[in-house]
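# Summary of structural features
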Amino acid sequence: MHPAPWTAPELVQLGRLPMHSVAHDERLELDGRWRFQLLATPDAELGATWSEIAVPGAWTMQGFADLPHYTNVQMPFPGLPPHLPAANPTGVYERTFELPAGWAGRRIVLHVGAAESVLIAELNDREVGISKDSHLAAEFDLSALVQPGSNTLRLTVVKWSDATFVEDQDQWWHGGITRSVFLYRTGPVFLADVRADTGLTDDLTTGTLDLHALVGFPGDALEPGWTVEARLEGVAVPLTAAVRSIDPHELMGWTAGDQRLMYQHASGMPMSAQEAEVWDGVHRRLAPPRDGLVGWHLEVPDAAVWSAEEPNLYGLTVTLRAPDGSIAEETSLRIGFRRVEIVGLDLLINGERVFIRGVNRHDFDQHTGRTISRDGLRADLVLMKQFGFNAVRTSHYPNDPAFVELADELGLYVIDEADIETHAFQSTLCDDHRYLGAWVDRVSRMAQRDKNHPSIIAWSLGNESGHGLNHEAAAAWLRRYDPSRPLHYEGAIRYDWASDQGVTDILCPMYPPIASIVDHARSGKQRHPLIMCEYQHAMGNSNGTLGEYWDAIESTPGLQGGFIWEFWDHGLVQTLPDGTTRWAYGGDFGDSPNDGNFCLDGLVWPDRRPKPAMWEHKAIAAPVRPTGLHDRRAGIVEVVNRQAFLDLRWLRARWELTIDGDPAGSGDVVLPELDPGDRGPALLHGWKDPSLAPGAEGWLTIRFVTATAAAWAPAGFEVAAAQLAVGSGTVADPRGAGSGDGAATSGRAAIPVELDGDGLLVHRLLAAPPTLALWRAPTDNDRFGGIADGWRSGGLDRIERRLVAIERGAEATVVRSEYRTGTGIVVRHEQTLRGRSDGGVDIEEVAELPAELPDLPRVGTVLAIVPGLEAAEWLGSGPHETYPDRRRSGLIGRWTSTVSELYTPYVRPQESGGRADVHWLELRDATGRGVRIIPDRPRQLSATHYRAEDLATATHDVELTPRPETIVHLDAAHRGLGTASCGPDTLPEYKIGPGTYVWSWSLRPLAGG
């Protein structure tokens, strides 16, 4: 008894054709509605009743009993590889098709774009072949099985298999056919593959092309006279050469005997003679034909070079001609001339050290799970370009083929990653000889598919799979196959960044602290360019210290960038029993075990809307930046061109001056002609040196926009915005406290304030009095990083206030209180309140935090404003959310919003909506009635309809019910965000410890409120 193919790691395919890069255009599309049955196991008998399913599309997202399942590291079922659970959902897809007229007698190939995780193909009740790898296409030759008229195609997809252990990525588990299915036809002599290796000579201006065309043909020899012609855009004379035959073993994969022996090894017993005969017969019938080869070397002087900044592409057409000169087949592709090399500790693109401003990306769609349209892929990459990214790592498998085509077109550097992650068994499977074939197969087929794409600058051997002999074998194959690209694999350097290993050419650690990468770069032990494969875990309200990472990268030789984890929040749209929907995460489908909301770790929400952290990256990655007001009187600003290849001619700029948020001048900016890396003076046209009144604050904002439309942005699209402080006059009381504006003036009789029996302020604008705030709804970083556990152990989530004393003096009322945490730690607090003649209140506060509280989320004031004041305006950082360690993207200005819109709806609720450097906040109703809150100096402030406890106890954003009042937090200090859900906490300068905190603020009525 032999193991089933889904429990045989040695078997990676049966009857599958070699991977190639030719787009065969004569197709019969098979996408659409298929008959479908979902079986409990692969061995279960088919029932009499068929339902329908959409292809492509995972069955887990189409209303069937088997639902999505999310895990990160752990497997979704127990046991050691390759053993599987008894329940193994298996989808049987079936449809008929009519063989088109003119296809009879032709070579006919079935293409299945992707199936998770084992695909078994049958045609007209006869076996066709088997394939594994959930993220690469499988093709099978149907020529000997297809019949005139109607044909029945059956595709069986087994969800769990030995391959599942190699696909243990941090994402949802699905099942089904997730990419397109079609048939294509060719003649018996056909283009089997085209390989276009491009580069640049040492002058970096002359493009080189080594072009090889592989021709397939039946039988043992090709009749004379067959030729291949190649035409390159911009080269007048086509290239023509006769086809020569080659030994098929040069290009074919394992023989039938090789595969039979590997399959036998899985069970430890030989096949019977009858079984071997059937096996070999299938292989002979479906084996690829013999091949012929044509090759050229071409040099193109003054080539338009490809880079992410300027993705120049050349059209290349390859034509196969029959002996009579007729076109037997033709294919077109677009190539780019570029050079990738590592020199010393630098990764060079076209001779330049390019910073890798990257992001990791999964194939994801909130409605379909895995199935992505080309328009959706384009939208992903356009958004990346618009927010300053220049690189993508295809975590952790080859993405949809259209992805790299669009990366070529739009301009993004790609690290193409093989579909290998054995996270739960990473210390063992990498040396398990049963999985050797899977390693090499997945790596080699990825490279064979994507070899012609200039956007791909490195091959990755997978992710979190340890480091073993299987990696060594795969790396050796890649180095022989494609010496033009470096290799990338974090597992080879995980435990020793300076190790003498031969698998990775890039030092690509995960989530290292800033100090670690800087120390290594300065140690003298660095062997490779350091480009972090994952850093800055973007889970929930996160990405604190992104700016500090880039300060270190841009100032330290040997550091060259990294890939933020990750692009997508993987929230799936789930319809609830009452008809409402929510974004689901681990456990929401009843999946167990699961890893909760750890899949919600992206820079964009599941509907592709950018989160606030995206704006932070855009600001940090700006291609041009003003460095200072060089000559204030003349209106000259120094700017630096931060690009690697382009000058500034593709940009236009305008300036605006504001004083205390009010416009005070604007005009065009005359940008200098700057080469990459250079800096020079830019003239502010129409500038007049402002005279600032005492206490006034001036800000010069420069906005850079596209001069003409680009493939990823329309003309006038804002590429970057930056501010420079113009200076301020003599410092005055920022609250405007003076004798003429209703203030409580020192030396005069106190205007009484109303207190309740507990010494808390009573005011007609307050729905709840101002009290000391030491707690925030834990962010994902706080929860997963264990930080919130520390806060809870100190009782910060359970605080009770006790009035100590009320002292009413001639000039003010002083209220002393003690706040006792849930563990008995006492925080002393004092409020000094002064009534104002305008009906407002000035409040000074002091809090003494004891040493028993070494780390706090915030220190400040929380109060509630009466309902109905929904319109919000503030002078401070905006327009989006900013925090102490993530505020470089905020621009100081007067911003308007609503209280509801100030809240940031992370899928799992948490601390959000804060704005840094707020000078004042106004809340009004439709009549203008309202309140103004003014801190003593610019501070962190938030206004929302949710209390911290509302956010801390909800598991999904849609569960929240807004309160009618507005909860305002004014923070004397607010802890940074960091990235501790998977990576370092915030830096020490953004943490809050014990000590005495002093702050003050004013509450002012507006329009008679």
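Heads up: the structure comes first, above all this text.
Treat the numbers as computed from the prediction; the structure is a model and nothing was measured. (Residues numbered from 1 in each chain as written. Predicted model: local features only at pLDDT ≥ 70, side-chain atom pairs only at ≥ 80, totals over all residues. Heavy atoms only, no water.)

## Focus on helix H4 (residues 401-410)
Condition: Relative accessibility decides the category of a residue: with a 1.4 Å probe and only protein chains considered, values under 20% of the type maximum give buried, values over 50% give exposed, and everything between is partly exposed. Each helix is a run of H or I in the DSSP string that is no shorter than four residues. Each strand is a run of E no shorter than two, and both are numbered from the N terminus. Side-chain atoms alone can form a polar contact between residues adjacent in sequence; in general such a contact is a pair of N or O atoms within 3.5 Å, and within protein one must be able to donate a hydrogen while the other accepts it.
With respect to burial, H4 is a largely interior element, seven of its ten residues being buried. The complete set of buried residues in H4 reads Ala402, Phe403, Val404, Leu406, Ala407, Asp408 and Leu410. The residue sitting at the N-terminus of H4 and contributing the capping side-chain oxygen is Asp400; that oxygen lies 2.9 Å from the backbone nitrogen of Ala402. Following H4 by one or two positions, Gly411 has its phi on the positive side, about 95 degrees.

## Topic: unusual backbone geometry
Here the residue pair Val55 and Pro56 is connected by a cis peptide bond, since its omega of 0 degrees sits within 30 degrees of zero. You can see Pro56 is positioned in the loop between strand S4 (51-55) and strand S5 (57-58). Put simply, Pro81 and Pro82 share a cis peptide bond, and its omega is 5 degrees. With respect to the helices and strands, the residue Pro82 is situated in the loop between strand S6 (69-71) and strand S7 (90-98).

## What about the packing of aromatic side chains?
We count it as follows: The pairing test for Phe, Tyr and Trp rings, Trp by its six-membered ring, is centres within 6.5 Å, and the orientation test on the planes gives stacked under 30 degrees, edge-to-face over 60, and tilted for anything in between.
A full pass over the atoms with the stated rule returns 26 aromatic pairs. Consider the rings of Trp34 and Tyr93, whose centres lie 6.4 Å apart with planes at 85 degrees: the pair is edge-to-face. Taken together, the residues Trp34 in strand S3 (residues 32-39) and Tyr93 in strand S7 connect sequence positions 59 residues apart. Across the pair, exposure class does not vary: Trp34 and Tyr93 are buried alike. With centroids separated by 6.0 Å and ring planes inclined at 35 degrees, the aromatic side chains of Phe36 and Trp59 adopt a geometry described as tilted. Pair noted here: Phe36 is in strand S3 and Trp59 is in the loop between S5 and S6, with a separation of 23 residues, a long-range link. Here Phe36 falls in the buried class, since its relative accessible area comes to 0%. Since its relative accessible area comes to 0%, Trp59 is described here as buried.

## What about helix H5 (residues 436-450)?
For clarity, the threshold we go by: Helix span is expected to be 1.5 Å times the residue number reduced by one.
The end-to-end C-alpha distance of H5 is 22 Å, a good match for the 21 Å that 15 residues give at a rise of 1.5 Å each. With 14 of 15 residues buried, H5 lies mostly within the body of the structure.

## A closer look at the sheet that holds strand S51 (residues 858-865)
The line we're drawing: Paired strands are those between which DSSP finds at least two bridges. An axis is simply a line fitted to the C-alpha atoms; with a helix, the fit covers only the stretch in contact. Between two such axes, the angle follows the N-to-C directions and lies from 0 to 180 degrees.
Taking strand neighbours across the sheet as the criterion, the five strands line up as S46-S51-S58-S57-S54 in an open arrangement whose pairing is antiparallel. Bordering the open sheet on either side are strand S46 (766-773) and strand S54 (915-918), each of which pairs with just one other strand. Averaged over all adjacent pairs, the angle separating strand axes in this sheet is 25 degrees, with direction ignored. Summarising the sheet, strand S57 (residues 939-944) and strand S58 (residues 966-974) pair through five bridges and their orientation is antiparallel. Pairing of Ala943 across the sheet is with Val968, part of S58.

## A word on the pairing of strand S34 (residues 559-564)
On a regular strand, each side chain points to the face opposite its neighbour's, so the side chains alternate between the two faces of the sheet. The condition is simple: With its strands directed away from the observer, a crossover is right-handed exactly when the path from the first strand over the helix to the second travels clockwise.
Of all six residues in S34, six are buried; the element is thus mostly enclosed. In this sheet, S34 lies alongside strand S33 (residues 530-535) in parallel orientation, the contact comprising four bridges. Residue Tyr535 lies in a different strand from S34, and its bridge partner there is Ile564. Assessed by its sense of winding, the connection that carries the chain from S33 through helix H8 (residues 546-555) to S34 is right-handed.

## Digging into the sheet that holds strand S28 (residues 356-360)
Cut-off, in case you're wondering: When checking whether two residues touch, look at their non-hydrogen atoms; a contact exists if any pair is within 4.5 Å.
Across the sheet, seven strands lie side by side as S32-S31-S30-S29-S28-S34-S33; this open sheet has parallel pairing. Pairing within the sheet leaves two strands with one partner each, and these edge strands are strand S32 (487-488) and S33. In terms of strand pairing, S28 meets S34 through four bridges, oriented parallel. Bridge pairing in S34 places Val359 opposite Ile564. Lying over the sheet, H5 contacts strand S30 (413-417) and strand S31 (456-460), oriented at roughly 165 degrees with respect to S31.

## Let's talk about the pairing of S28
In terms of burial, S28 is a largely internal element, five of the five residues being buried. Of the two faces of S28, both are covered, the one formed by Ile356, Gly358 and Asn360 as well as the one formed by Arg357 and Val359. Direction of pairing for S28 relative to strand S29 (residues 391-393): parallel, over a ladder of three bridges. The partner of Asn360 across the bridge, within S29, is Arg393. Read from S28 through helix H3 (residues 374-386) to S29, the crossover connection turns out right-handed.

## Structural notes on the environment of Trp650
Along the chain, the position of Trp650 falls in the loop between strand S38 (636-641) and strand S39 (651-659). Here Trp650 falls in the partly exposed class, since its relative accessible area comes to 23%. Considered as a pair, Trp650 and Phe704 are 54 residues apart in the sequence and their alpha carbons are 10.0 Å apart. Within the structure, Trp650 has its side chain in polar contact with the side chain of Gln643 (distance 3.1 Å). In this structure the side chain of Trp650 is engaged in a polar contact, spanning 3.4 Å, whose partner is the backbone oxygen of Asp647.

## Details of the nonpolar core
What counts here: To form a nonpolar core, buried Ala, Val, Leu, Ile, Met, Phe, Trp, Tyr and Cys residues must be joined to one another through side-chain atoms within 4.5 Å.
Formed by 113 residues in total, the largest nonpolar core has its most connected members in Leu700 and Ile702. Filtering out sequence-adjacent residues up to four positions away, Ile702 remains in contact with Pro626, Val637, Ala653, Arg654, Trp655, Val669, Leu684, Ala720, Ala721 and Ala722. Counting 52 residues, the second-largest nonpolar core is a separate cluster that includes Trp791, Val815, Ala943 and Ala973.

## Some details on the pattern of salt bridges
For the record, the criterion: Whenever a carboxyl oxygen of Asp or Glu lies within 4 Å of a side-chain nitrogen of Lys or Arg, that contact is scored as a salt bridge.
All told, the structure shown has 74 salt bridges when counted by the stated rule. A salt bridge links Glu52 to Arg33; the nearest nitrogen and oxygen atoms lie 3.4 Å apart. In this pair, Glu52 is assigned in strand S4 and Arg33 in strand S3, connecting sequence segments 19 residues apart. In this structure, Arg929 and Asp925 form a salt bridge, with 3.9 Å as the shortest nitrogen-oxygen distance. In this structure Arg929 comes out as partly exposed when scored by relative accessible area, which is 28%. Salt bridges sharing common partners tie together Arg179, Arg361, Asp363, Asp380, Asp400 and Arg608.

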